[in-house]
Amino acid sequence: MKIGYPCINRSIGCRGDRTFRLASFTSERFHQTVRENLDCLQQMLIYNVNHEIRFFRISSNLIPFASHDVCDIPWQSIYGPQFREIGAYIRTNNIRISMHPGQFTVINSPDEEIVERSRRELLYHSEVLDLMELDRTAKIQIHIGGVYGDKETAKRRFIRNFNRLDEAIRKRLVIENDDVNFTVQDCLAIASELNIPVLFDIFHHKLLPDGRSVLQAMLDTAATWREIDGLPMIDYSSQADGEKSGKHSNEIERKDFSYFLRLLNVADFDVMLEIKDKEASALNAVNLAASEPRFIAAERQQIYRWIHQSGKTIERKGKQHDSTRANRRVKQSVTA
DNA sequence: CCCTGTCAAGTCACG
DNA sequence: CGTGACTTGACAGGG
């Protein structure tokens with residue numbers, strides 16, 4: 001198991017996701033920002049290795065406007081040497097890498113132009129990973145997309161459009177359950193047709209359950225990852241205390257995470273912590289995992305209940321207007 | 001310095 | 001119909 005955090009490190013004084021306004025796009029501005037982002041990426045990776053954090057999500061902002069018409073700069077060749085250097089560091093230190101394109105990447109859209117823009121955005125992501133010469137365990141995770149009033153048709157269109165994507169994209173693409181439209185079950189159905197992995201998001205699953213227990217969802221999604229894809233990835237986060245249902249918590253909750261850790265004894269994953277305070281939680285998580293306490297019999301019942309909560313205890317936002325009540329319910333179901 | 005309107009992109013739900 | 005939310009709030013202009 002590796003533990004990681006997404007995109008930015010808040011304690012080293014640089015960010016790897018600097019960008020600028022489209023209106024202020026110039027060659028100078030572009031190069032300045034890309035240099036800054038790549039240098040910072042190297043610093044973040046070094047920080048991670050020094051702190052035993054061996055999983056990292058690279059920001060989609062690494063190369064701003066990379067897939068936009070405005071960008072005719074051959075960044076692939078210009079920054080090729082630095083990409084190879086970063087890739088060598090990643091391989092040497094056995095770091096797992098993922099990327100997660102934005103919500104504008106929708107390959108099941110009925111609008112062909114949106115599909116094409118999405119393809120170009122995905123191509124940019126695959127180029128970054130290819131330039132680093134990473135094997136196909138470096139993944140690009142996306143959601144299925146929109147429903148457009150007919151989920152089955154939307155799923156069929158995802159499958160059809162996936163098959164039209166470049167091989168460089170297809171070999172890295174993994175699909176993730178979301179919190180409003182497509183469940184783990186939906187993703188598994190699509191994945192079995194396309195023979196691609198499903199990345200399990202545990203928090204989304206609690207917000208949009210499909211009847212599976214957390215453990216069952218972990219086992220079923222893990223089974224979609226072949227040897228060549230690497231260890232299954234999982235997105236871990238939990239409910240922000242006292243906030244609207246669906247909001248990620250600001251820091252890791254030790255108890256919830258320690259229960260989660262027990263499940264990793266059953267099915268091994270690389271764990272991405274989608275938590276606001278980033279590397280701070282990753283450090284905590286690494287320490288918690290390192291000091292993984294022995295399984296205590298007295299906790300068996302609690303852990304069993306945690307494993308088997310299907311998510312029905314959490315109301316969807318919107319249907320539950322009294323969010324504090326929903327949040328209290330979430331908390332109870334986790335800590336009961 | 002601080003304030004704030006706005007930002008490449010899509011979809012959906014809320015009010 | 002306008003706004004917020006989403007993997008990540010930050011940029012940029014004005015006071």
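Small disclaimer: the values here were computed from a predicted structure and weren't measured.

## Quick look at the nonpolar core
Nonpolar side chains in soluble globular proteins tend to end up buried together. Within the largest apolar cluster, 84 residues are counted, with the highest numbers of intra-cluster contacts made by Trp75, Phe83, Phe257, Val271 and Leu273. Examining the composition of this core, we find that nine residues originate from one element, helix α1 (residues 27–50), more than from any other. Excluding its chain neighbours within four sequence positions, the residues that come into contact with Phe83 are Leu38, Leu62, Ile63, Trp75, Val128, Leu131 and Met132. With six residues, the next largest nonpolar core counts Phe55, Leu199, Trp225 and Met233 among its residues.

## Points about the packing of aromatic side chains
We describe a pair of aromatic rings using the distance from one ring centre to the other and the angle between the two ring planes. In this structure the tally under the stated criterion is ten aromatic pairs. Their ring planes at 75° and their centres at 5.3 Å tell us that Tyr5 and Phe56 sit as a pair that is edge-to-face. Within this pair, whereas Tyr5 is found in strand β1 (residues 3–6), its partner Phe56 is found in strand β2 (residues 55–58), the two being separated by 51 residues in sequence. Classification of Phe56 by relative accessible area gives buried; the value is 0%. Members of the aromatic cluster, each reached through a chain of ring pairs, are Phe20, Phe25, Phe30 and Phe65.

## Some words on helix α5 (residues 151–162)
Taking 1.5 Å of rise per residue, twelve residues should cover 16 Å, and α5 covers 16 Å from first to last C-alpha, within 8% of that figure. Next to the buried residues of α5 lie α4 (112–131), β4 (139–142), α6 (167–170), β5 (173–176) and α7 (184–194). Structurally, the start of α5 carries an N-cap: the backbone nitrogen of Glu152 is 3.3 Å from a side-chain oxygen of Asp150.

## Concerning the pairing of β1
On any regular strand, side chains alternate: one points to one face of the sheet, the next to the other face. Covered by surrounding structure in β1 are Ile3 and Tyr5 together with Gly4 and Pro6, the residues of both alternating faces. With two bridges connecting them, β1 and strand β8 (residues 270–273) associate as parallel partners. Each bridged residue has a counterpart across the sheet, and for Gly4 the counterpart in β8 is Met272. Note that β1 and β2 share three bridges and pair parallel. Residue pairing across strands places Gly4 opposite Phe55, the latter belonging to β2. Handedness of the crossover joining β1 and β2 through α1: right-handed.

## Observations regarding the layout of surface pockets
One number sums up the size of the largest pocket: a volume of about 1200 Å³. Along the wall of the largest pocket there are 37 residues; nearest its centre are His100, Pro101, Gly102, Gln103 and Phe104. Broken down by secondary-structure element, the contributors of at least two residues to the lining of the largest pocket are β2 and α4. Counting residues per element, the lining of the largest pocket draws most heavily on α4, which supplies five residues. Each pocket or cavity is described by its volume, and for the second largest pocket that value is around 220 Å³. Asn94, Ile95, Arg96, Asp135 and Thr137 are, among the 13 residues lining the second largest pocket, the residues nearest its centre. Those elements that place two or more of their residues in the lining of the second largest pocket are α3 (80–92) and β3 (96–99). In terms of residue class, the lining of the second largest pocket is made up of six nonpolar, three polar and four charged.

Conventions used here
Residues numbered from 1 in each chain as written. Chains lettered and ligands numbered in written order. Predicted model: local features only at pLDDT ≥ 70, side-chain atom pairs only at ≥ 80, totals over all residues. Heavy atoms only, no water. Core = buried A, V, L, I, M, F, W, Y, C linked by side-chain atoms within 4.5 Å. Buried < 20%, exposed > 50% of the residue type's maximum accessible area, 1.4 Å probe, protein only. Helix = DSSP H or I, 4+ residues; strand = E, 2+ residues; numbered from the N terminus. Contact = heavy atoms within 4.5 Å. Phe/Tyr/Trp six-rings, centres within 6.5 Å; stacked < 30°, edge-to-face > 60°. Expected span 1.5 Å × (residues − 1). Polar contact = N/O pair within 3.5 Å; in protein donor to acceptor, adjacent residues only side chain to side chain. Pairing = 2+ DSSP bridges. Right-handed = clockwise from strand over helix to strand, strands pointing away. 1 Å grid on protein atoms, 1.4 Å probe; cavity = no way out; pocket = protein on both sides within 12 Å on 5 of 7 lines; lining within 4 Å. Points joined across faces, edges and corners; volume = space filled by probe spheres on them. Nonpolar A, V, L, I, M, F, W, Y, C, P; charged D, E, K, R; others polar.

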